[in-house]
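One letter stands for each residue in the lines below.
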Amino acid sequence: MKCILFRKSGIMNFKNVKKYCKLTYEVFKISPVHFIFIYVLFGAGALTSALGVPALQMVIDSLTKFNINHEKMHSVFLAVIILFAVKMLNTLFSYLAGFLGETYDLKSYKHLLGKFIRRCGSLSCIDYEDKNTYELISKAESGVKGAISFINVVMDLITNYAVYLTVIAVYLIRVNSALIFVLLLILFTVIIEQKIKTGLYSKTEDLAASDKVQSEYYADCLLTRDMVKENKTNGFEPFLLKKLNAGLKNISELKNKETKKATGISLLSNMAVILEYLGTIVILSVCVIRGSISVGAFAAIFYSVDELFSMLENLLYGRLKSFSETMGKMNNYIIFIDADVEKEDKGCISGQKAVMFNNVSFKYPGSSNLVLEKITFKVDSRETIAIVGENGSGKTTLARLLLGLFKPFDGNIINPFETDNSSAVFQDHAEYPVTLSENITFSDKADRERVSVLSKKSGITEDKDTVLSVELGGKELSGGNLQKVAIARALYKNHDLLVLDEPTSALDPISEIEMYKTFEKLTKDKTAFIITHRLGSVKFADRIMVMKNGRLVGFGTHEELINTCGYYGELWNKA
Ligand code: ADP
């Protein structure tokens, strides 16, 4: 069966601009006044930063005039005050914009992450059986931050860079139109320098990527709590360390090569920068000699070359580069959030009393083999059914279809039970890092009395307030005790359908016998399916389903099957 999710997903393209605008509007709507205020502050910061250049020119020009005419003291004073005010305002605006921007980022993150988590929750179980889903989820998760960065980048380009560069360009043209060449020269140097650098760094990143992933994986193996025990007892540590060290050695060799090349490249790029200074001095000097600009303009422009250089560098290789990167990430987020989940209720008809499978076949996403083939049966309400068969015969898959977690590939299922009134114990039951009591009461209101009764029935002796996590200062339960908690949790939830998949596999023989007695009592007025390999323990079941290689090869009472189903006889004799 094909994964239901993202059949209609698209790839990144500019046609999605409408969606980007919608997302930006959504982020804007979180707090419109706050949003506008931040970007007005960014614009004001850029404006005051650019105005710093003419303000500096005013100071130098007034000082030059003061040297000639000592009565011009007040204009020096005024120019210094203007420069001071411009610089102060710039610091204030930039600081405030940065601070408010960060708090807004947190709000946006909370909003977009919440949406992402809700979307993950709406995925169906079959989506989680497809490896592509994990990739999409992980991409969309980094898309949360990507979307915020993208909005920041776009707003920054409009309110910061555009304002700054326009003001500077207007200033240069007004002082002398030839000065626009200074801007072009800096632009040219930035492009040359970055072209040389990025070529080298991205090549090293590519070469080191696979060693990085592998080293991180081996480091995880060495540090993860569950694996540490097995590593130590089975003597895997030296092997893992050897693998880790080999990866790290490759990475450091690549880095060494990169450092050597980078030193030579730095030298080249520094020369490019020196040439840019030289070119600027030449252009400015010619303008001064011709009398077309003042000494103040010369000094102010020359002083601002560094700022202009880093501004253009940031714009071309920081902002514009992250524009496409973050747009790609945001696109992954949008695809994930907006993807249509097809409602495939094919084969699932509610409202009937009996559970019926009609020629049901099933295969997992990405697999061509049928795991269940043409299964047909009818189970009346309040019947208890045992499902038996060898490993891999399809029992767990059948249970997932019974619970509505998977939909049939072919055939149809009539199931009167909704998720709200079904309950299950799975083989890989979860242990949540909260108290034992909370581990049981998740599904409903916490009722300590009910918890005590069910805990007793399930044979739980642990304190109900024990936190089930060593990491959080609590305790790790034994496999058997954990299984008892999972059983109590399933029984705590209101249910008319109970599906138990090997519910006693971790219990000792005495607890197992007790548990089956509990099941017998608790399943009397419910519809129940119990998957088990302990054939002797399910005598209380009304009927037994026998599974073999994805097919239902026998269905009846123990006596009927012993007489009619040879395969059941084989299983029974082996048990
Ligand atoms: P049982 O519960 O009887 O041991 P299962 O229902 O777990 O059998 O598995 C039936 C078959 O489905 C097995 O061959 C198993 O390898 C295959 N299978 C189980 N889960 C997946 C999956 N997520 N993707 C592909 N094949 C799977």
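By convention here, each chain's residues receive numbers from 1 onward along its written sequence. Per-residue local features of the predicted model are confined to residues with pLDDT of at least 70, and side-chain atom pairs are confined, for both listing and counting, to 80 or more; whole-chain, interface and lining totals are unaffected and use all residues. Computation of side-chain values covers all heavy atoms of the structure but excludes hydrogens and water.

1. Describing the site of the ligand
Just so we agree on the cut-off: For each residue, the test is whether any non-hydrogen atom lies within 4 Å of the molecule or strand; if one does, the residue is near. Polar contact criterion, stated in full: a pair of N or O atoms within 3.5 Å, where within protein one must be able to donate a hydrogen and the other to accept it, and residues adjacent in sequence count only if both atoms are side-chain atoms. Computed with the Shrake-Rupley method and a 1.4 Å probe, the accessible areas treat only the protein chains shown as cover for residues. Basically, the charged four are Asp, Glu, Lys and Arg, the nonpolar ten are Ala, Val, Leu, Ile, Met, Phe, Trp, Tyr, Cys and Pro, and anything else, Gly included, counts as polar.
Looking at the ligand, the residues that line it are E129, Y364, V371, E390, N391, G392, S393, G394, K395, T396 and T397. Contacts to the ligand include E129, whose side-chain N or O atom sits 2.5 Å from a nitrogen atom. A distance of 2.8 Å is found between an oxygen atom of the ligand and a side-chain nitrogen or oxygen belonging to T396. Alone, the ligand offers 560 Å² of accessible surface; in the complex the protein occludes 61% of this. Among the residues forming the shell around the ligand, the class breakdown is two nonpolar, six polar and three charged.

2. Some thoughts on the environment of N69
Filter applied, for reference: The numbering of helices and of strands both runs from the N terminus, where a helix is a DSSP run of H or I of at least 4 residues and a strand a run of E of at least 2.
For N69, the location among the structural elements is in the loop between α2 (32-68) and α3 (73-121). For the pair N69 and S422, spaced 353 residues apart in the sequence, the C-alpha separation amounts to 95 Å.

3. Structural notes on the confidence of the model for the chain
The predicted structure's coordinates, where accompanied by low pLDDT, should not be read in detail. Test applied: You can read pLDDT as the predictor saying how much it trusts each residue, on a scale of 0 to 100. Should any heavy atoms of two residues lie within 4.5 Å, those residues are considered in contact.
Mean pLDDT over the chain works out to 86, with 93% of the residues at or above the 70 mark. Below a pLDDT of 50 lies the segment residues 1-12, which in the model reaches 44 contacts outside its immediate sequence neighbourhood of four places, other chains included. Considering only residues more than four positions removed or in separate chains, one finds that residues 344-352, a stretch of pLDDT under 50, has 20 contacts.

4. Focus on the sheet that holds strand β7 (residues 497-501)
Test applied: One requirement defines pairing of two strands: DSSP has to find at least two bridges between them. Lines fitted to the C-alpha atoms define the axes, with helices restricted to the stretch that makes contact. Angles between their N-to-C directions range from 0 to 180 degrees.
Strands sit in the order β6-β7-β8-β4-β9-β10 across an open sheet of six strands; the sheet is mixed. Each edge of the open sheet is held by one strand with a lone partner, namely β6 (422-425) and β10 (551-556). Between one strand axis and the next, the sheet turns through 15° on average, direction left out of account. In this sheet, strand β8 (residues 527-531) lies alongside strand β4 (residues 384-389) in parallel orientation, the contact comprising four bridges. Along β8, the bridge assignment pairs A386 with I530.

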